[in-house]
Each structure stands twice: as C-alpha cells, then as structure tokens.
There are 2 protein chains.
Amino acid sequence: MSSIKQVAALLQTIGQESRLQILLAIGEGETCVCHLEAMLGLRQATLSQHLMALREAGLLEARRQGRFIHYRLNDPRLLAILRQAADVQGVPLPELSPSPDCNCPNCSKEKGPGNNSSRCEVRS
Amino acid sequence: MSSIKQVAALLQTIGQESRLQILLAIGEGETCVCHLEAMLGLRQATLSQHLMALREAGLLEARRQGRFIHYRLNDPRLLAILRQAADVQGVPLPELSPSPDCNCPNCSKEKGPGNNSSRCEVRS
DNA sequence: ATAATATATTCATTATGGCGAATATGTCAT
DNA sequence: ATGACATATTCGCCATAATGAATATATTAT
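This one's a predicted model, so the numbers in the text were calculated from it and none came from an experiment.

Before going further, it helps to examine the protein's contact with DNA strand D. Around DNA strand D sit 24 residues in total, of which A:Gln44, A:Ser48, A:Tyr71, B:Arg19 and B:Arg43 are the nearest. What you see for DNA strand D is that sugar and phosphate hold 65% of its atoms within 4 Å of the protein. Residue A:Gln44 places a side-chain N or O atom 2.8 Å away from a base nitrogen belonging to DNA strand D. Note that a base oxygen of DNA strand D is positioned 2.9 Å from one of the side-chain N or O atoms of A:Gln49. Top contributing element to the surface near DNA strand D by residue count: helix H4 (residues 44–56) of chain A, with 6 residues. Class assignment for the residues of the surface near DNA strand D results in 8 nonpolar, 9 polar and 7 charged.

Take a look at the structure:
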C-alpha cells in the first residue's frame, strides 16, 4: 500500500467524532471499556465496533484483565496529531481523562451507598 | 459545532488519497489546477470537486489569474499534520513539488519541440 | 460575436461506513 | 454445570461521500 494510502487510512480512521472521543478518553493512560461506555454514552456494540476499528488500524492495544479489557494508545504521537488538528481549526481540544471520576455504573468506587464492588479496577 | 466535531471534520476532509495528493502537490507554494490535473492523473471534474471540498473546509484559498486559478494552502500547519501522521504510520511522506518539472500538457515550458506557450505561468 | 480553453457545478449512480438489533464468546461466581 | 456479566462479532439498513457524465461559467483570442 502506498504511503499516501496509509496516511489517508489513518486520518480517515480517526476522523470521526466517536473515535476521537475514545482516543481522548483513553489519552496517555489505560481505560477499560465500561469506563468508555459510561463516559461517552455510546451503546456497547457501537463502542466495541469503534474499538475494533481502532485496533485493526494499529492505533489501540487491548489487554485482558479478567472479564475486563483495557485499551491503551499504541503511540502517544496520535494525541499530538489531534492537538495539531485542533490547533489548525482554532478550537480547544477537550481533556477527557476518565480515570479520576468516572461515573461508570460498574466502577463506583467511593461513590453512592450500597455500591462497593471494585470491578473495573486493575487487580494484579 | 463542538470542537471535537470540528476536528473530526478536518481529519475526515483530508483523510482521502486524492485530497492528500492535492495538498502535498500544492505544498508551501501555489499551484494551478492544470498542474494538479496532469500530476495526479485525476479527471478534471473530480479534481475540481475535491478542490471545492477543500475550499469549503477552509483549507485552500483560490486566486484567479486570467483563465487559470491558483490554489494555495491556507495554513502551512496542515502539512505538519500530514508529516505527523506519516510519522505515526512509519512511512515516508512523498514530496510532491509540482513547479519544477510539471508535465502538464499545457505548461510545457522548455519541453518537447513545437511547444512554446507560457500558459499556466503566473503573468502579472 | 464566436470559438477555444480553464475551471466549476449539477445530477445520478455507486461505494463506504456508521448504526442498531441480535447473537456469540470468554470469564468469573456459585 | 449454570448463570451472570463484559465484551466481541455478525448482519442488514441507511446516510454520507466519491465517482462519472454532462453541462455551465468565465476568460482570452480571433
């Protein structure tokens, strides 16, 4: 595949609202799918499809941890591209760090009463 | 429109082989449509449509010079994005400078015999 | 005014991609 | 083994975008 085709493929893969949100939400860290689902308000199947596309494009890596699967960026330079693009458009790039206070219903650590499971936590 | 939407729109607009070729061919300079047509082997109508899309996305500026229309990038940072993307993909970004030896049939300066018109030149 | 040329625009067709619904797979708890 | 849960996969539908053909517009030359 010509190099131009490859560049086009990359840009096309990330040139979509949901995918951008996913990438920004993952950021430099590692994020499990349930976080993303809660954060972005995407349906599970839809989200999974996008994750698959990003995986197949070589942009994401998946790591299984029990029932949970954690995704991380394969290359932090991807974020640089997004910043550049936002720069050209003259808009601020929202910071979507999911880890701090994710309201994923499965991950309510130190949240509302009666909920205690440490699911969605990385447990070695 | 949300900033993410805008970034997505930008990436989507340039995430296509023909558009990338156009942007690379124009580069830092200014290029007339006939050059592009010859260089990229795109049909005139197709090319014009892509140029329109890029114009509407605010990425290109057009300047009329007699019958000829010259396009230039509105923001050189676009090229930086392309370089970054190529970088992430680990491929070289081809340099497509059209000006030096464009083989556009209308612009054959110091080319084959019997052809002399300086068409496609910027004549003030 | 007419013809020739450079580029743009319109329209119909086709391909591509995202989405929703349904289902499958893999892991843990019992 | 069974059930519950997290995630993945498949499939059909629809919207969007790219393509091709035809035509229009603008500019220069005659």
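The subject of this paragraph is the pairing of strand S3 (residues 68–73) of chain A. All names here are of chain A. Sheet analysis places strand S1 (residues 30–32) next to S3, joined by 3 bridges and oriented antiparallel. Among the inter-strand pairings, Cys32 is bridged to a residue of S3, identified as His70. Judged from the 6 bridges that link them, strand S2 (residues 60–65) and S3 form a sheet pairing that is antiparallel. Along S3, the bridge assignment pairs Leu60 with Leu73. Taken together, S2 and the strand that follows it, S3, pair antiparallel across an intervening segment of 2 residues, in which Gly66 is found at a positive phi of about 65 degrees.

For the rest of this paragraph, the subject is the sheet that holds strand S2 (residues 60–65) of chain B. Residues and elements named next belong to chain B. In spatial order, the strands read S1-S3-S2; together these 3 strands make up an open sheet with antiparallel pairing. Two strands close off the open sheet at either side, each with one partner strand: strand S1 (30–32) and S2. Adjacent strand axes in the sheet meet at a mean angle of 30 degrees when their direction is disregarded. Seen against the sheet, helix H4 (residues 44–56) touches S2 and strand S3 (68–73) and runs at an angle of roughly 120 degrees to S2.

This next bit is on the environment of A:Ala53. Residue and element names in this part refer to chain A. By the element assignment, Ala53 lies in helix H4. Sequence spacing of Ala53 and Arg19 is 34 residues, and the spatial spacing of their C-alpha atoms is 9.1 Å. With residues near it in sequence (within four places) discarded, Ala53 still touches Thr13 and Arg19.

Moving on, we come to the relation of the copies chain A and chain B. Both copies of the chain are related by one operation, a rotation about an axis with a shift along it. With an RMSD of 0.1 Å, the fit of chain A onto chain B corresponds to turning through 180 degrees and sliding 0.0 Å along the axis. Such a combination of turn and shift is consistent with a two-fold rotation axis. When the interface residues of chain A are mapped onto chain B, 100% of them again lie at the interface, so the same face is used by both copies.

Below, the discussion takes up the interface of chain A and chain B. Opposite the 33 residues of chain A that make contact, chain B presents 33 residues. Roughly 3000 Å² of surface becomes buried between chain A and chain B when both sides are summed, with 70% attributable to carbon and sulfur atoms. For chain A, the biggest contributors to the area lost against chain B are A:Ile4, A:Leu11 and A:Val88; these three give 20% of the whole. Linking A:Lys5 and B:Glu17 is a salt bridge whose minimum nitrogen-to-oxygen distance equals 3.6 Å. On inspection of chain A and its partner chain B, the count reaches 6 residue pairs in polar contact (both at pLDDT 80 or more). Of all the elements, helix H5 (residues 77–89) of chain A adds the most residues to the side of chain A that touches chain B, at 11 residues. A per-class count over the side of chain A that touches chain B returns 19 nonpolar, 9 polar and 5 charged.

All names here are of chain A. Taken in spatial order, the 3 strands of this open sheet run S1-S3-S2, and their pairing is antiparallel. Since the sheet does not close on itself, it has two edges, and those belong to S1 and S2, each with one partner. Taken over all neighbouring pairs, the strand axes of this sheet differ in orientation by 30 degrees on average, direction set aside. Across the sheet, H4 is in contact with S2 and S3; its angle to S2 comes to roughly 120 degrees.

Cut-offs used in this document
- Position numbers for residues start from 1 in each chain and track the written sequence from start to end.
- In the order they appear in the text, chains get letters beginning with A and ligands get numbers beginning with 1.
- With pLDDT at 70 or above as the cut-off, local features in this predicted model cover only qualifying residues; side-chain atom pairs require 80 or more to be listed or tallied, and sums for whole chains, interfaces and linings still use all residues.
- Based on all heavy atoms of the structure, the side-chain values leave hydrogens and waters out of the count.
- Nearness here has a simple test: a residue counts as near a molecule or strand if at least one of its heavy atoms is within 4 Å of that partner.
- For the purposes of these results, a polar contact is taken to be a pair of N or O atoms within 3.5 Å, where, inside protein, one atom must be able to donate a hydrogen and its partner to accept one; residues adjacent in sequence count only when each atom of the pair is a side-chain atom.
- Think of it this way: any DSSP run of H or I at least four residues long counts as a helix, any run of E at least two long counts as a strand, and we number them from the N terminus.
- Only Asp, Glu, Lys and Arg are considered charged, only Ala, Val, Leu, Ile, Met, Phe, Trp, Tyr, Cys and Pro nonpolar, and every remaining residue, Gly among them, polar.
- DSSP bridges decide pairing: two strands pair if at least two such bridges lie between them.
- Only the stretch in contact is used when a helix axis is fitted, and all axes are lines through C-alpha atoms; the angle between N-to-C directions ranges over 0 to 180 degrees.
- Contacts are assigned to residue pairs that have any heavy atoms within 4.5 Å of one another.
- Here the copies are superposed with least squares, the fitted atoms being C-alpha atoms of residues at a pLDDT of at least 70 in both.
- Buried area: the accessible area, evaluated with a 1.4 Å probe, that two parts lose upon being put together, summed over both parts.
- One side-chain nitrogen of Lys or Arg within 4 Å of one carboxyl oxygen of Asp or Glu is enough to make a salt bridge.

So, to be careful, I would describe these as geometric facts and stop short of saying anything about function.
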